[in-house]
Amino acid sequence: MSRLQNAGERLENALATLEQAVESRLARSEAALQSGESESAAAQARSAEMRAQLDALKHDYDVLAQVTETVSQRLDGAVGQLRVVLSDETERKQA
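Residues numbered from 1 in each chain as written. Predicted model: local features only at pLDDT ≥ 70, side-chain atom pairs only at ≥ 80, totals over all residues. Heavy atoms only, no water.

Engineer: Explain the overall build of the protein here, please?
Structural biologist: Of regular secondary structure, the protein possesses two helices and zero strands. Within the protein, the proportion of its 95 residues that are buried is 7%. Surface summary for the protein: the accessible area is close to 7,600 Å², and the carbon and sulfur share equals 53%. (Helix = DSSP H or I, 4+ residues; strand = E, 2+ residues; numbered from the N terminus. Buried < 20%, exposed > 50% of the residue type's maximum accessible area, 1.4 Å probe, protein only. Areas by Shrake-Rupley, 256 points an atom, 1.4 Å probe, with all protein chains shown as cover.)

This is how it looks when you write it as structure tokens:
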């Protein structure tokens, strides 16, 4: 597995962990509301901010995933071209 793929997987795992933490915190907040505890306006604002940050992180992840795929394809193309060039040079030396 390439370093680029490893980095992509680490990013994906980090995003999943962050998403779980945010969802857990939101679930606790919603449970507190349902049990009759009142949530302050500041807590509601923090919750909304966390949701916005999570959405932004998801968007950033999608963008990075697309860039990673593009880079991976370009690297594969470059490696293919190098193989052709090296193969041509080997054939010329043998001739």
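Still more to cover.
Engineer: Sorry, what's going on with a nonpolar patch on the surface here?
Structural biologist: On the surface, a cluster of nonpolar side chains totalling about 300 Å² of accessible area is made up of Val63, Val67, Val71 and Leu75. In this structure, Leu75 sits in helix 2 (residues 41–94). (Patch = residues over 30% accessible without salt bridge, like charges linked within 9 Å, V, L, I, M, F, W, Y side chains within 5 Å. Salt bridge = Lys/Arg side-chain N within 4 Å of Asp/Glu carboxyl O.)

Engineer: What am I meant to see in the environment of Ala48 here?
Structural biologist: Residue placement: Ala48 occurs in helix 2. Note on Ala48: relative accessible area 45%, which makes it partly exposed. Placed 22 residues apart in sequence, Ala48 and Leu26 show a C-alpha to C-alpha distance of 9.6 Å.

So, to be careful, I would describe these as geometric facts and stop short of saying anything about function.
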